[in-house]
Amino acid sequence: MHNPGFAIQTREPCMRRVVFNQKGGVGKSTITCNLAAVAASQGQRTLVVDLDPQANSTRYLIGDADPGAGAAEFFGTTLSFAMRAPKTAEYIVETPFENLHLMPSSGALEELHGKLESRYKIYKLRDALAELASSYDEIWIDTPPALNFYTRSALIAAERCLIPFDCDDFSRHALYGLLESVKEIQADHNAGLEVEGIVVNQFQPRASLPQRVVAELIAEGLPVLQPYLSASVKMKESHEAALPMVHLDARHKLSQEFLALYQGLAA
Ligand SMILES: Nc1ncnc2c1ncn2[C@@H]1O[C@H](COP(=O)(O)OP(=O)(O)OP(=O)(O)O)[C@@H](O)[C@H]1O
Ligand SMILES: [Mg+2]
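All of the points below concern the structure found in this document.

1. Topic: the site of ligand 1
Phase 1: Around ligand 1 lies a shell of 18 residues, among which Gly27, Lys28, Ser29, Thr30 and Ser230 are the nearest.
Phase 2: The separation between an oxygen atom of ligand 1 and a polar main-chain atom of Val26 is 3.0 Å.
Phase 3: In this structure, an oxygen atom belonging to ligand 1 sits 2.8 Å away from a main-chain N or O atom of Ser29.
Phase 4: Relative to its unbound accessible surface of 630 Å², ligand 1 loses 81% to contact with the protein.
Phase 5: At the level of secondary structure, the elements contributing two or more residues to the shell around ligand 1 comprise helix H1 (28-41) and helix H9 (234-240).
Phase 6: The element that contributes the greatest number of residues to the shell around ligand 1 is H1, accounting for 3 residues.

Take a look at the structure:
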C-alpha cells in the first residue's frame, strides 16, 4: 500500500523568470500574466511579482480589488525599524485563479524608488524569493519600462529572462543595449541568469516589416521563441475583464499561442 509518508518529492525546484524590456507597451505585463496563468492552470503553484508602479499586472489579475500590502510594503519595510521582520508571504495575495498568487504593486512603489536606490537593498528580492522556493513551482516577475532599481532587483533574483519584442525597427536596435544590460547583471551580480528568449508579440504575418525585422533577429543568431503571439482585439477584452486569455477563451488563437509558448519553454 502506498504510504504518503514516504512519497518521493518529484517537483522540480522553483523556476524564477523575469519579463524585461525597457521599452514601454511591448507586452511585458500581458506576457507575464498570461504565461503565469497558463502555468497555474496546469497545476503549477505560481506566483506573479508585480514590480511596476503602474500596477497593470495587478489590475489584470485581481481587477480593482484593494490588494493590501504588496511589493511597496515588501521593499519599504527595509526602511523602518519593525519589531518583527515580516515574512515575504505577508505581501502576497491570492487571485481568483487556482494556484495563482500575486505580490501586488501600487503607485507607492514609485515614491519609494529614490530612497531604495540610495541604499543597498538590491538583493532583497532575490533573498525573499529564495525563501519562497518551496512554496511555488514558478515565479514570474513583471518589470517597469526602465532599467531601474526594481528591474535590476528582478534581473538579480531571476534565473531566466524573457524579452518581449514588438516587431518595430527601433526596438530591434534597442535590443542590443538591452542584452548588454543583461550581460552586466550577469557579470556583476547573477552569473546564473540566462536569456531564455525573445517573445515576438503583436505579430502581423501579412505585414512585411514585422517579417523582415524578425527574420533579421533570427539571422543574427538571437534566440527568438516560437510561436509568435498574434495581435488580437481580444487582448484588450482580456485586460478589461481581468481574465487572462486561458480563462477568457481557452480556444482562442492567442490562448493557444500562449499555451504553446509556455510548453516550449525549457523547464
Ligand atoms: N498580442 C496582443 N494583441 C493585442 N494587444 C496587445 C497584445 N499584447 C499586448 N497588447 C496590448 O498592448 C498594450 C501594452 O501591453 P502591456 O501592458 O502588456 O505592455 P508592457 O510592456 O507591460 O507596458 P509597460 O511598459 O507600460 O508596462 C496593452 O493595452 C495590451 O492590451
Ligand atoms: Mg507592464
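Don't stop here, the text continues.
2. Focus: the nonpolar core
If you look at soluble globular proteins, the nonpolar side chains tend to sit buried side by side.
Phase 1: By size, the foremost hydrophobic cluster in this structure holds 50 residues, and its most contacted members are Val49, Leu51, Phe75, Leu125 and Ile141.
Phase 2: Here this core takes 6 residues from helix H6 (residues 149-157), the largest share from any one element.
Phase 3: Membership of the second largest hydrophobic core comes to 29 residues, among which are Ile31, Cys33, Ala36 and Tyr262.

3. What about the pairing of strand S6 (residues 160-165)?
Phase 1: Counting buried positions along S6 yields 6 of 6 residues, so the element is predominantly enclosed.
Phase 2: Of the two faces of S6, the one holding Arg160, Leu162 and Pro164 and the one holding Cys161, Ile163 and Phe165 are both buried throughout.
Phase 3: Pairing of strand S1 (residues 15-19) with S6 involves 3 bridges; the strand directions are parallel. The partner of Arg17 across the bridge, within S6, is Arg160.
Phase 4: Two strands pair when backbone bridges link them, and S6 and strand S7 (residues 194-200) are joined in this way by 6 bridges, in the parallel orientation. From the neighbouring strand, Phe165 faces S7, where its bridge partner is Val200.
Phase 5: Taken together, S6, helix H7 (residues 169-188) and S7 constitute a β-α-β crossover, and its handedness is right-handed.

4. Focus: the side chain of Ser105
Phase 1: By the element assignment, Ser105 lies in the loop between strand S4 (100-103) and helix H4 (108-117).
Phase 2: Looking at Ser105, its side chain comes within polar contact range of the main-chain oxygen of Asp52, at 2.6 Å.
Phase 3: Ignoring any residue separated from it by four or fewer positions in sequence, one finds Ser105 in contact with Asp50, Asp52, Pro53, Ala55 and Thr58.

5. A few points about unusual backbone geometry
Phase 1: Each neighbour pair has its own omega, and for Gln226 with Pro227 the value is -10°, a cis peptide bond.
Phase 2: Inspection of the secondary structure assignment puts Pro227 in the loop between helix H8 (208-219) and H9.
Phase 3: The backbone phi angle of Gln202 is positive, close to 55°, even though this residue is not glycine.
Phase 4: The backbone of Ala242 shows a phi angle near 55°, a positive value even though the residue is not glycine.
Phase 5: With respect to the element layout, Ala242 can be found in the loop between H9 and helix H10 (245-248).
Phase 6: Ala242 sits in the buried class, given a relative accessible area of 14%.

6. Points about H4
Phase 1: Regarding H4, the residues found buried are Leu109, Leu112, His113 and Leu116. Axial view of H4: buried residues confined to an arc of 130°, hence all on one face. Looking at H4, the residues exposed on the side facing more than 90 degrees away from the buried face are Glu110 and Glu111.

7. Section: the pattern of salt bridges
Phase 1: Under the defined criterion, the tally for this structure stands at 16 salt bridges.
Phase 2: The shortest N-O distance in the salt bridge between Glu138 and Arg17 comes to 3.9 Å. Residue Glu138 is located in strand S5 (residues 138-142), and its partner Arg17 is located in strand S1; the two are separated by 121 residues in the primary sequence.
Phase 3: Of the residues examined, Glu138 reaches a relative accessible area of 5% and is grouped as buried.
Phase 4: One salt bridge in this structure joins Glu220 and Arg172, with 2.8 Å as the shortest N-O distance.

Criteria and thresholds
Residues numbered from 1 in each chain as written. Chains lettered and ligands numbered in written order. Predicted model: local features only at pLDDT ≥ 70, side-chain atom pairs only at ≥ 80, totals over all residues. Heavy atoms only, no water. Near = heavy atom within 4 Å. Polar contact = N/O pair within 3.5 Å; in protein donor to acceptor, adjacent residues only side chain to side chain. Areas by Shrake-Rupley, 256 points an atom, 1.4 Å probe, with all protein chains shown as cover. Helix = DSSP H or I, 4+ residues; strand = E, 2+ residues; numbered from the N terminus. Core = buried A, V, L, I, M, F, W, Y, C linked by side-chain atoms within 4.5 Å. Buried < 20%, exposed > 50% of the residue type's maximum accessible area, 1.4 Å probe, protein only. Pairing = 2+ DSSP bridges. Right-handed = clockwise from strand over helix to strand, strands pointing away. Contact = heavy atoms within 4.5 Å. Arc of directions from axis to C-beta. Salt bridge = Lys/Arg side-chain N within 4 Å of Asp/Glu carboxyl O.

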